[in-house]
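Read off the chains here:
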Amino acid sequence: MQFDLSDPLNGLSELNTKIWDSHVHIWSADAFEPLLKIGRQYGVHQFMGIAAPDVKKTLEENGHGDLVNFAYYLPIDAFASHEPERILKALDEAHSENYSMVKLWFGPRFLDFFKADKPFSLNLPIFDPVFSLIEKYGIPMDIHVADPDIWYDTKYQDIIRYRTKNQAMNEFRNILREYSFPKLISVHFNSLPEHLDQVSKDLTDFPNLYIDTASTKWMVRELGKNIESTRSFFEKHYTRVLFATDLSVGWEDRDEEYLATRYWAQRIFWESNHQKIKLPFPDADNPNPPTYINGLNLSKKILEHFYWKNAYKFFNPR
Ligand SMILES: [Zn+2]
């Protein structure tokens, strides 16, 4: 069994729920069309899309506004250079433009992208006004706190510059203790698919916290290592996990196969019983390649929540 672009649902059974992809990046309005087309083939009917105001506006004018809940990407360069005023201005724009969320991205690489020359921590007092305003507006956050464990062993050995993964996660927990956000999504399984016990503890400690399954290869690789513990995690926390891919369209040239392989791999992983299926795209992060998909065969009830109901509830508060 393998991925086949001419038979996109190869290996999948009929699905009795719609799917909401709670994490995609839409960098241009034109690029949304192929995403919509391929998404539909896999049962995706709604998106949470991270998009700039002009892209959001065009999509709304094209009549796609109902298909997307939008997130505003806060300027990460302003976090790197310690310029909270710019972030506050962006928050005002997100608020006045009726965004559903704000996106915050703290993969340690961001310090290099913007040649940061000051130490960074989420807990720096200079960022207090930012989190206070997010709290005041009550706008949900979509936050990337840390990167895969493997990267800390390889790329991020300068722990003075990048902090350890534990440090980054603890800074995040401090923020959650200090502010009362209505709710938020910590993406990539709370950045900790390698440590389900800790994710479970965080979900218990913070009732406003949700997690997503963005980054197909990271999720398939780590959550597929011990499918029994992943299944019990889902049985316990299935109302707090949102299906997501992190597909990115309109930034660089990406074809339909890029979109289809991610949806196919995730659906095979969550829904099927198939074991040791080769991931249909490269996973450079795996020290022992190739990466295999080991199907979790989640129950119908869990899939209904994880694929649709949780996101519906998250994005349509009463
Ligand atoms: Zn993302």
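Since this is a predicted model, take the numbers as computed values, not measurements.

Points about the coordination of the zinc ion
- For the zinc ion, the protein coordination sphere consists of His23 (NE2), His25 (NE2) and Asp246 (OD), at 2.1 to 2.2 Å.
- Read in sequence order, the donor residues for the zinc ion give the motif H-x1-H-x220-D. In this pair, the class of His23 matches that of His25, namely buried.

Quick word on the side chain of Glu271
- Relative to the assigned elements, Glu271 resides in helix H14 (residues 256–271).
- On the accessibility criterion, Glu271 (13% relative accessible area) is buried.
- A distance of 2.6 Å separates the side chain of Glu271 from the side chain of Arg267, its partner in a polar contact.
- In terms of polar contacts, Glu271 uses its side chain to reach the side chain of Tyr307, at 2.6 Å.
- Setting aside residues no more than four positions away along its own chain, Glu271 makes contact with Leu12, Ser13, Leu15, Asn297, Leu298, Leu303 and Tyr307.

Details of the pattern of salt bridges
- Within the structure shown, the criterion is met by 20 salt bridges.
- Between Arg86 and Glu83 there is a salt bridge; the shortest N-O distance is 2.9 Å.
- Residue Arg86 is classed as partly exposed on the basis of its relative accessible area of 35%.
- Sharing partners across several salt bridges, the network here consists of Arg221, Glu222, Lys225 and Asp283.

What about the sheet that holds strand S5 (residues 141–144)?
- Taken together, the nine strands give an open sheet; going across it, the order is S8-S7-S6-S5-S4-S3-S2-S1-S9, and neighbouring strands pair in parallel fashion. The strands lining the two open edges of the sheet, one partner per strand, are strand S8 (241–242) and strand S9 (247–249).
- Where strand S7 (residues 209–212) lies against S8, two bridges are found, and the strand directions are parallel. Following the sheet pairing, Asp212 is matched in S8 by Leu242.
- Helix H1 (residues 32–41) rests against strand S1 (19–26), strand S2 (44–50), strand S3 (68–73) and S9 of the sheet, and its axis sits at about 145° to S2.

Some remarks on the packing of aromatic side chains
- A full pass over the atoms with the stated rule returns 34 aromatic pairs.
- For the pair Phe234 and Trp270, a centre-to-centre distance of 5.4 Å together with 55° between the ring planes defines the contact as tilted. Separated by 36 residues along the polypeptide, Phe234 in helix H13 (residues 227–237) and Trp270 in helix H14 bring together distant segments of the chain.
- When its relative accessible area of 0% is taken as the criterion, Phe234 is described as buried.
- Plain terms: the ring middles of Phe306 and Tyr307 are 5.3 Å apart, the flat faces sit at 25° to each other, and that makes the pair stacked. Tyr307 carries the same exposure label as Phe306, and that label is buried.
- An aromatic cluster is present here, built from Tyr42, Phe189, Phe233, Phe234, Phe243, Tyr263, Phe269, Trp270, Phe306 and Tyr307 joined pairwise through their rings.
- Looking at Arg240, its charged tip hangs above the ring of Tyr210, at a distance of 5.7 Å from the centre.
- Residue placement shows Arg254 over the ring face of Tyr258; its charged tip is 4.1 Å from the ring centre.

How each quantity is defined
- Residues numbered from 1 in each chain as written.
- Predicted model: local features only at pLDDT ≥ 70, side-chain atom pairs only at ≥ 80, totals over all residues.
- Heavy atoms only, no water.
- Donors = N, O, S within 2.8 Å, 3.2 Å for Na, K, Ca; no water.
- Buried < 20%, exposed > 50% of the residue type's maximum accessible area, 1.4 Å probe, protein only.
- Helix = DSSP H or I, 4+ residues; strand = E, 2+ residues; numbered from the N terminus.
- Polar contact = N/O pair within 3.5 Å; in protein donor to acceptor, adjacent residues only side chain to side chain.
- Contact = heavy atoms within 4.5 Å.
- Salt bridge = Lys/Arg side-chain N within 4 Å of Asp/Glu carboxyl O.
- Pairing = 2+ DSSP bridges.
- Axes fitted to C-alpha atoms, helices over the stretch in contact; angles between N-to-C directions.
- Phe/Tyr/Trp six-rings, centres within 6.5 Å; stacked < 30°, edge-to-face > 60°.
- Lys NZ or Arg CZ within 6 Å of the ring centre and 35° of its normal.

From the geometry alone we can't say anything about function, so treat these as descriptive.
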